[in-house]
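Residues per chain are reported as follows:
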Amino acid sequence: SKQWYQRRVRGRPYPDDARRHRTHPDPGYPSILSEVLPVVEDKTKLYIKNIPFDLSSDQLREYFRHAGQVLECIIMTDPEGRSRGSATLRLSTQGECDRAINMFHRSQLRGHEIEVRYDI
């Protein structure tokens with residue numbers, strides 16, 4: 001039968017619509033996605049990924065100054081002190097962060113396509 005086929009072969013005991021709307025037996029289990037995903041509290045901090053390994057924090061600060069006032073710039077390093085290719089950046093307002101994301105997300109920095117997003 002079709003139900004047997006769905007259970008045994010495809011691993012889907014229910015149609016997709018029924019699967020999406022089922023509730024968990026535990027009442028404390030989050031029922032919607034927004035309860036599971038973290039909410040961004042600090043809208044002035046950015047995470048920059050795929051930066052060149054030889055880039056200094058002053059150079060990164062200079063690059064992002066066109067979006068607004070950079071308050072803090074920290075490049076992630078491993079225990080030996082080498083760059084991991086990512087950084088966090090704090091700007092003064094949320095509007096400046098939005099501008100930085102619009103200006104620099106997927107832009108080229110010394111041959112590297114960087115990704116800029118809010119830091120969670």
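Scroll up to find the structure this text is about.
Residues numbered from 1 in each chain as written. Predicted model: local features only at pLDDT ≥ 70, side-chain atom pairs only at ≥ 80, totals over all residues. Heavy atoms only, no water.

Caption draft 1: Seen up close, the nonpolar core. Membership of the largest hydrophobic core comes to 21 residues, with the highest contact counts inside it found for Leu 46 and Phe 64. Of all the elements in the fold, those that place two or more residues in this core are strand S1 (45–49), helix H4 (57–64), strand S2 (70–77), strand S3 (83–91), helix H5 (94–104) and strand S6 (115–118). The greatest single-element share of this core, amounting to four residues, is contributed by H5. Excluding anything up to four places from it in sequence, Phe 64 contacts Ile 48, Val 70, Leu 89, Ala 100, Phe 104, Ile 114 and Val 116. (Core = buried A, V, L, I, M, F, W, Y, C linked by side-chain atoms within 4.5 Å. Buried < 20%, exposed > 50% of the residue type's maximum accessible area, 1.4 Å probe, protein only. Helix = DSSP H or I, 4+ residues; strand = E, 2+ residues; numbered from the N terminus. Contact = heavy atoms within 4.5 Å.)

Caption draft 2: Looking closely at the side chain of Thr 44. Within the secondary structure, Thr 44 is located in the loop between helix H3 (33–36) and S1. Of the polar contacts made by the side chain of Thr 44, one reaches the side chain of Arg 90; its length is 3.5 Å. Those residues in contact with Thr 44, other than ones at most four positions away along the chain, are Leu 89, Arg 90, Leu 91, Ser 92, Thr 93, Gln 94 and Cys 97. (Polar contact = N/O pair within 3.5 Å; in protein donor to acceptor, adjacent residues only side chain to side chain.)

Caption draft 3: Expanded view of the sheet that holds S3. The strand order across the open sheet formed by four strands is S2-S3-S1-S6, and the pairing between neighbours is antiparallel. Two strands in the sheet have a free side with no partner beyond their single neighbour: S2 and S6. Put simply, the sheet's adjacent strands are angled 20 degrees from each other on average, direction ignored. Bridge analysis of S1 against S6 gives four bridges, and the strand direction is antiparallel. The residue of S6 that forms the bridge with Leu 46 is Tyr 118. Strands S1, S2, S3 and S6 of the sheet are contacted by H4, whose axis makes an angle of about 135 degrees with S2. Of the strands in this sheet, S1, S3 and S6 touch H5, which is tilted by about 155 degrees from S6. (Pairing = 2+ DSSP bridges. Axes fitted to C-alpha atoms, helices over the stretch in contact; angles between N-to-C directions.)

Caption draft 4: Inspection of unusual backbone geometry at higher detail. Phi angles above zero are rare outside glycine, and Arg 106 is one such case at about 65 degrees. Mapped onto the elements of the fold, Arg 106 is located in the loop between H5 and strand S4 (108–109). Classification of Arg 106 by relative accessible area gives exposed; the value is 55%. Not every positive phi belongs to a glycine, and Arg 110 is a case in point at roughly 50 degrees. On the secondary structure map, Arg 110 appears in the loop between S4 and strand S5 (112–113). Using a relative accessible area of 46% as the deciding quantity, one classes Arg 110 as partly exposed.

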